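The chain contents come next:
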Amino acid sequence: QVQLVESGGGLVQAGGSLRLSCAASGRFFKIDVMTWYRQTPGNQRELVATITRGGNTNYADSVKGRFTISRDDAKNTLHLQMNSLKPEGTTVYCCNADVWTSASFHGGDYWGQGTRVTVSS
């Protein structure tokens, strides 16, 4: 079983910064793509940023230039540096990991519980 635990959320003023982290633990062979999502007002998941095992990144247009996704595979952690935060960024952020449980078995997607970010105006 794989567990993902997010941390780093909190209250920040508009224009401020936060750094989210997602720690993966459990038994697995490797993690491929890792992604940050956030919850929309309509209770949907919105992709924020993605990073492959090779370090290729992709961002939602709304966060380009302000957010930076990174990962440390030695520590099985994912990060999201969020700068110039806006009040519309207030929501729950959660991480997703595409996990291989062995060299030949793709275990699938795992999700964390999320961490809440509140940006005050």
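Residues numbered from 1 in each chain as written. Predicted model: local features only at pLDDT ≥ 70, side-chain atom pairs only at ≥ 80, totals over all residues. Heavy atoms only, no water.

1. Notes on the nonpolar core
The tendency in soluble globular proteins is for nonpolar side chains to be buried as a group.
Move 1: In terms of nonpolar packing, the biggest core is built from 30 residues, with W36, L80, M82 and Y93 touching the most fellow members.
Move 2: Residue assignment for this core shows that the elements contributing at least two residues are β1 (2-7), β3 (18-26), β4 (30-39), β5 (45-51), β7 (67-72), β8 (77-82), β9 (91-102) and β11 (115-120).
Move 3: Excluding residues within four positions of it along the chain, Y93 makes contact with E6, L20, W36, Y37, R38, V48, F67, L80, M82, G114, T115 and V117. (Core = buried A, V, L, I, M, F, W, Y, C linked by side-chain atoms within 4.5 Å. Buried < 20%, exposed > 50% of the residue type's maximum accessible area, 1.4 Å probe, protein only. Helix = DSSP H or I, 4+ residues; strand = E, 2+ residues; numbered from the N terminus. Contact = heavy atoms within 4.5 Å.)

2. Description of the environment of T35
Move 1: Looking at the secondary structure, you find T35 in strand β4.
Move 2: Residue T35 is classed as buried on the basis of its relative accessible area, which comes to 4%.
Move 3: Spatially, the C-alpha atoms of T35 and T68 are 12 Å apart, while their sequence positions differ by 33 residues.
Move 4: Engagement of the side chain of T35 in a polar contact is seen with the side chain of T50, the distance being 3.3 Å. (Polar contact = N/O pair within 3.5 Å; in protein donor to acceptor, adjacent residues only side chain to side chain.)

3. A few points about the state of the cysteines
Move 1: Considering all chains together, one arrives at one disulfide under this definition.
Move 2: The residue that forms a disulfide with C22 is C95, at a sulfur-sulfur distance of 2.0 Å. Between C22 and C95, the S-S torsion sits near 55°, and that sign places the bridge as right-handed. Of this pair, C22 sits in strand β3 while C95 sits in strand β9, and the two are 73 residues apart along the sequence. With respect to class, C22 is no different from C95; both count as buried. (Disulfide = S-S within 2.5 Å.)

4. Considering the side chain of T115
Move 1: By the element assignment, T115 lies in strand β11.
Move 2: Within the structure, the side chain of T115 is placed 3.1 Å from the backbone nitrogen of G9, a separation counted as a polar contact.

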